[in-house]
Number of protein chains: 2
Amino acid sequence: MTNVAIIGTGHSKFGSRTDVNLQELAWEAVKQALEEANVEQKDIQYFSVGNVGTWSAEPLPAVVIGEYCNLAPSGTMRVEAACASGSAALRDAYLAVKSGEADIAMAIGVEQMHQSPNPTVVEMIGRAGNYFWEFENFGLTFPGYYALYATAYMNKYGLKEEDLGKIAIKAHHYGALNPYAHFQKEITMEEYLKSRPVAWPLKLLDSSPITDGAAAVILASEEVANKYTDSPVWIEAQGVGSGTANLSRRTDFTTIDAARMAAEQAYRRAKINLDSPWKEIDVADVHDCFTIAEIVAYEDLRFAKRGEGLTLAREDQTYIGGRIPVNVDGGLKAKGHPIGATGVSMAVSLTRQLLYRAPNKGMQAEIRNGRALAHNVGGTGHYAYVTLFSTRRPGL
Amino acid sequence: MTNVAIIGTGHSKFGSRTDVNLQELAWEAVKQALEEANVEQKDIQYFSVGNVGTWSAEPLPAVVIGEYCNLAPSGTMRVEAACASGSAALRDAYLAVKSGEADIAMAIGVEQMHQSPNPTVVEMIGRAGNYFWEFENFGLTFPGYYALYATAYMNKYGLKEEDLGKIAIKAHHYGALNPYAHFQKEITMEEYLKSRPVAWPLKLLDSSPITDGAAAVILASEEVANKYTDSPVWIEAQGVGSGTANLSRRTDFTTIDAARMAAEQAYRRAKINLDSPWKEIDVADVHDCFTIAEIVAYEDLRFAKRGEGLTLAREDQTYIGGRIPVNVDGGLKAKGHPIGATGVSMAVSLTRQLLYRAPNKGMQAEIRNGRALAHNVGGTGHYAYVTLFSTRRPGL
């Protein structure tokens, strides 16, 4: 076992990226990461590719990307954990280094959803749970799934549409500051409330968009990392959980068990106080595929007690300067959610935060503890990954 | 870092398995592995699922399988390395244990190809390389790809159709002894030579079938393994490589660079003599998706010099009792090739070989060195994984 450091990060422009193909899109992020780490392709001993890609022409993208980015003959695989596929890629590369199988590895997340028409993509995402039980019979789409959470939370804790609006407004506020974001304009509460319903109470402005994009991080073992950088960001701990495929087997739609479990696992491994983890974390990226998901995440991550996530939103406690800044890169909602890239994008954003390299001053959180958290959910808790990043070298 | 042992193995019946759905098929193997290891689901801290599945209704199978097999809330991901996806699943679970992230993990490989009609499956496999460059323009199917290897090898080294026939006959000989195999009947050279051409010189009897099946192995760290078993089989070393997606970038169609590289990596890690590795290995499973692939594998694995793989075949040196027994479970050719399951199936077969638990006496190799090798190729060397298994505890 060795400590594992991030020594380079790369991020493409997110948005509708039909100007490039899948491998060109990946290369935008890979190139930036190689340059930042001052590493050549031949130094990358292993790379993993996070991609769902049911909407793409390349059904098996890892080797196509490896060839184009000149990463072959290094070993590789493609990994999938639905909307957490990027975190799965990070995990695979992390395990390769931590286990001693590779000294330097790369995690690439990429998704080009605009290769298929939107209704196809909506169907494919809807099928991300349990096809035969749910999608074939009921045709539930993803906004529909998360509307179940929103209505359950409204019923139990008195959530209002305006509370969800606060989340959307914050996302767009920070998205407007992030040159990589899909959406770069502020929205008002009035615009939010007038936004077209998608699955009540969720509106278009509650929803992350269909986005294309790529992100990459280069990981190195402790010994090697020190040769490449004076400012490593360490992967301190990771928790990982899964839930039932079938939502009728879930008992509570105001929390995501897999995420709660993954968070606890990560906190225990990093010896973080479970009563107030937000005191030890400077900035977080959480999986806000819909605004309600961010409020649930506050609670699953123990940034607030059960039922009090909405209070954090109401009191603007997750802006920079509040209890804990969340999604100050615009989040899935405004930065965009290219499914396979999202988890790696979180790692890029947070690494840059910890090193005071956020692309814009207005989106730089204050770093006191040197620790950041990424929360990435696949489906509605079908998969969950919680990763802690730290500027302090972890004990082994 | 810790040594990693296989403490349980499971294997479904391979064949046309439309009598079950994907998760039921996986459960056949998972159940057997749990019983063999005397482990309960709650003890499995992490599981990975190898599956390509473009032909299945469940586009994201890992959580569906996790739910059905009662493995949730443990962490998981689905991995894909084309026809080497099973080895990718083994690698992911192996890294989870070796890195210390899990004490007990499970690798599950499963594929149910008969969910789609055969022509769809043939198309999907054909697209496993580089869609835009090759499949869209030229429509090459997989027998076509491997026919390139066969004709190149014929041209360079004087391979005859009868040499390929020897491989097919051996596969069916051992398949007939294996109760899990898709095909369980012997074939004669006459039948082979009369077999319908698919892509000259490859015939139907040169080709692995479209198969459904599942396999599972349970891995444990050294400390934990000793609590569960007195006969651990260790993962001694693994090599992993990749090749170009685009075949026009390959220079030599008589060898697979990625496999050669993966083998060398594994041999170096296990301190095996590169000049005569077959002297230190008792039995091997190699990726004989087509008969020519087995002959190329003999050379890529250094069981024979370049151009002499066909001599091993001619002299029956890869039957039990020969230089090195290969595919004595029937191989992909007769046991079947359910893509995501194949790599895990190899691990199951070889573990049972090393422990003298082959399902039939006639297919049990003599174990002298306590070491077995699995060679699993995705595509035509797009991915390659070579894994060494040993009854001797590796040094760290």
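Since the structure is predicted, the reported quantities are computational estimates derived from the model, not experimental observations. (Residues numbered from 1 in each chain as written. Chains lettered and ligands numbered in written order. Predicted model: local features only at pLDDT ≥ 70, side-chain atom pairs only at ≥ 80, totals over all residues. Heavy atoms only, no water.)

K.L.:
Can you tell me about the overall build of chain A, naming the residues and giving the values?
P.N.:
Broken down by element type, chain A carries 14 helices and eleven strands. C-alpha atoms of chain A, sized along the principal axes, occupy 55 × 45 × 40 Å. The buried share of chain A, reckoned over its 396 residues, is 69%. Pairs at least 24 residues apart make up 78% of the contacts formed inside chain A by residues separated by at least 6 positions. A total of about 12,700 Å² of accessible surface is found on chain A, and carbon and sulfur atoms cover 49% of it. (Helix = DSSP H or I, 4+ residues; strand = E, 2+ residues; numbered from the N terminus. Buried < 20%, exposed > 50% of the residue type's maximum accessible area, 1.4 Å probe, protein only. Contact = heavy atoms within 4.5 Å. Areas by Shrake-Rupley, 256 points an atom, 1.4 Å probe, with all protein chains shown as cover.)

K.L.:
Can you lay out the interface of chain A and chain B for me, pointing to particular residues and giving the numbers?
P.N.:
Facing the 55 residues of chain A at the interface are 55 residues of chain B. Both sides together, the interface formed by chain A and chain B hides about 4,800 Å², and carbon and sulfur atoms give 55% of it. On the chain A side of the contact with chain B, Leu-60, Glu-67 and Glu-101 of chain A bury the most area, a combined 16% of that side's loss. Our enumeration of links across chain A and chain B arrives at ten salt bridges. If you look at where chain A meets chain B, you find 16 residue pairs in polar contact (both at pLDDT 80 or more). Breaking the side of chain A that touches chain B down by element, the ones donating at least two residues are β2 (46–50), α2 (61–68), β3 (75–80), α3 (85–98), α5 (131–138), β8 (233–242), α10 (257–269) and β11 (383–390) of chain A. (Buried area = accessible area lost by both parts, 1.4 Å probe. Salt bridge = Lys/Arg side-chain N within 4 Å of Asp/Glu carboxyl O. Polar contact = N/O pair within 3.5 Å; in protein donor to acceptor, adjacent residues only side chain to side chain.)

K.L.:
With reference to specific residues and values, describe the side chain of Gln-112 of chain A.
P.N.:
Residue and element names in this part refer to chain A. On the secondary structure map, Gln-112 appears in strand β4 (residues 104–112). Within the local environment of Gln-112, its side chain forms a polar contact with the backbone oxygen of Arg-17, the two atoms lying 2.9 Å apart. Side-chain polar atoms of Gln-112 contact the side chain of Gln-115, separated by 2.6 Å. Those residues within four positions of Gln-112 in sequence are excluded, and the remaining contacts are Arg-17, Thr-18, Val-20, Asn-21, Leu-22, Leu-25, Trp-55, Ser-56 and Asp-212.

K.L.:
With reference to specific residues and values, describe the relation of the copies chain A and chain B.
P.N.:
In screw terms, the move from chain A to chain B is a rotation of 180° and a rise of 0.0 Å along the axis, fitting with an RMSD of 0.0 Å. The transformation just described matches what one would write down for a two-fold rotation axis. (Least-squares fit on C-alpha atoms with pLDDT ≥ 70 in both.)

K.L.:
I'd like a description of α5 of chain A, backed by residues and values.
P.N.:
Residue and element names in this part refer to chain A. Within the span of α5, buried status applies to Tyr-131, Glu-134 and Phe-135. The arc that holds every buried residue of α5, seen down its axis, measures 115°, which confines them to one face. Against α4 (118–126) and α6 (142–157) lie the buried residues of α5. Gly-139 sits one or two residues past α5 and shows a positive phi near 60°. (Arc of directions from axis to C-beta.)

K.L.:
Hey, could you go over the UniProt feature "domain: Thiolase C-terminal" (unreviewed entry) in chain A for me, with residue numbers and the actual values?
P.N.:
Residues annotated in UniProt with the feature "domain: Thiolase C-terminal" (unreviewed entry) correspond here to residues 241–390 of chain A. Secondary structure across residues 241–390 of chain A comprises 33% helix and 14% strand; the distance between its end C-alpha atoms is 22 Å. (UniProt positions renumbered as here; feature names shortened; annotations may be inferred.)

K.L.:
Explain empty space enclosed by the protein to me, and be specific about the residues and the numbers.
P.N.:
Residues and elements named next belong to chain B. Scanning the entire structure with this criterion turns up eight cavities of 30 Å³ or more. Taken as a whole, the largest cavity holds about 100 Å³ of empty space. Asn-178, Asp-329, Ser-349, Pro-359 and Met-363 are the residues nearest the centre of the largest cavity, which is lined by 13 residues in total. Among the elements that make up the lining of the largest cavity, the one with the highest residue count is helix α14 (residues 339–354) (four residues). The residue makeup of the lining of the largest cavity, split by class, is six nonpolar, four polar and three charged. (1 Å grid on protein atoms, 1.4 Å probe; cavity = no way out; pocket = protein on both sides within 12 Å on 5 of 7 lines; lining within 4 Å. Points joined across faces, edges and corners; volume = space filled by probe spheres on them. Nonpolar A, V, L, I, M, F, W, Y, C, P; charged D, E, K, R; others polar.)

K.L.:
With reference to specific residues and values, describe the environment of Gln-265 of chain B.
P.N.:
Residue and element names in this part refer to chain B. Structurally, Gln-265 is set in helix α10 (residues 257–269). With a relative accessible area of 23%, Gln-265 lands in the partly exposed category. For the pair Gln-265 and Gly-336, spaced 71 residues apart in sequence, the C-alpha separation works out to 28 Å. Filtering out sequence-adjacent residues up to four positions away, Gln-265 remains in contact with Gln-238, Gly-239 and Val-240.

K.L.:
Account for the packing of aromatic side chains, with residues named and values stated.
P.N.:
Residue and element names in this part refer to chain A. Throughout the structure, instances matching the rule amount to 14 aromatic pairs over all chains. Centroid distance Phe-142 to Tyr-146: 6.1 Å. Interplanar angle 50°. Geometry classified as tilted. Placement of both Phe-142 and Tyr-146 in helix α6 is noted, with a separation of four residues, approximately one turn of the helix. In this structure, Phe-142 and Tyr-146 share a single accessibility class: buried. Summarising the aromatic geometry, the rings of Tyr-146 and Phe-290 are spaced 5.3 Å apart at their centres and angled 35° between planes, so their arrangement reads as tilted. Placement of Tyr-146 in helix α6 and of Phe-290 in the loop between β9 (283–285) and α11 (291–300) is noted, with a sequence separation of 144 residues between them. For Tyr-146, a relative accessible area of 1% gives the class buried. Directly above the ring of Trp-278 sits Arg-323, whose terminal nitrogen or CZ lies 4.1 Å from the centroid. (Phe/Tyr/Trp six-rings, centres within 6.5 Å; stacked < 30°, edge-to-face > 60°. Lys NZ or Arg CZ within 6 Å of the ring centre and 35° of its normal.)

K.L.:
Provide a residue-level description of the environment of Pro-201 of chain A, including the pertinent values.
P.N.:
All names here are of chain A. Locating Pro-201 in the fold gives a position in the loop between β5 (197–199) and β6 (202–203). We classify Pro-201 as buried; its relative accessible area is 1%. Along the chain, Pro-201 and Pro-143 lie 58 residues apart, while their C-alpha atoms are 9.6 Å from each other. Beyond its immediate sequence surroundings of up to four residues, Pro-201 is in contact with Ala-147, Ala-150, Thr-151, Met-154, Glu-161 and Asp-206.

K.L.:
Which residues make up the nonpolar core, and what are the values?
P.N.:
Within the largest apolar cluster, 289 residues are counted, with the highest numbers of intra-cluster contacts made by Tyr-146, Ile-292 and Phe-303 of chain A together with Tyr-146, Ile-292 and Phe-303 of chain B. Non-local contacts of Tyr-146 of chain B, meaning those with residues more than four positions away in its chain, are made with Leu-202, Ile-256, Cys-289, Phe-290, Ile-292, Ala-293, Val-377, Gly-379 and Thr-380 of chain B. (Core = buried A, V, L, I, M, F, W, Y, C linked by side-chain atoms within 4.5 Å.)

K.L.:
Mind laying out the state of the cysteines, listing which residues take part and the relevant values?
P.N.:
The tally for this structure, following the rule as stated, stands at zero disulfides over all chains. Cys-83 of chain A provides the cysteine sulfur closest to Cys-289 of chain A, a residue in no disulfide bond, and the two sulfurs are 6.5 Å apart. (Disulfide = S-S within 2.5 Å.)

K.L.:
Summarise unusual backbone geometry; cite the residues concerned and give the values.
P.N.:
The omega torsion of the bond from Ala-72 of chain A to Pro-73 of chain A falls at 15°, within 30 degrees of zero and hence cis. A positive phi angle is found at Tyr-356 of chain A, which is not glycine, with a value near 55°. Residue placement: Tyr-356 of chain A occurs in the loop between α14 (339–354) and β10 (371–378). Positive phi is not limited to glycine here, since Asn-327 of chain B has a value of about 55°.

K.L.:
Any details on the packing of α6 of chain A against α11 of chain A? Residues and values, ideally.
P.N.:
Residues and elements named next belong to chain A. For the pair α6 and α11, the least separation of the axes is 9 Å and the interaxial angle reads 60°. Like other packed secondary-structure pairs, α6 and α11 cross with a definite hand, here left-handed. Listed contacts from α11 to Tyr-146, Tyr-149, Ala-150 and Tyr-153 of α6 are Ile-292, Ala-293, Ile-295, Val-296 and Glu-299. Its residues assigned to classes, the contact of α6 with α11 shows eight nonpolar, no polar and one charged. (Axes fitted to C-alpha atoms, helices over the stretch in contact; angles between N-to-C directions. Left-handed = near helix turned anticlockwise from the far one by under 90°.)

K.L.:
Now, about the packing of α3 of chain A against helix α3 (residues 85–98) of chain B: what can you tell me, with residues and values included?
P.N.:
Where α3 of chain A meets α3 of chain B, the axes come as close as 9 Å, and the angle between the chain directions of the two elements is 60°. When the interaxial angle is binned, α3 of chain A and α3 of chain B end up oblique. Handedness of the crossing formed by α3 of chain A with α3 of chain B: left-handed. Residue-level contacts link Arg-91, Asp-92, Leu-95 and Ala-96 of chain A of α3 of chain A to Arg-91, Asp-92, Leu-95 and Ala-96 of chain B of α3 of chain B. For the contact of α3 of chain A with α3 of chain B, a count of residues per class yields four nonpolar, no polar and four charged. (Parallel < 35°, antiparallel > 145°, perpendicular 65-115°, else oblique.)

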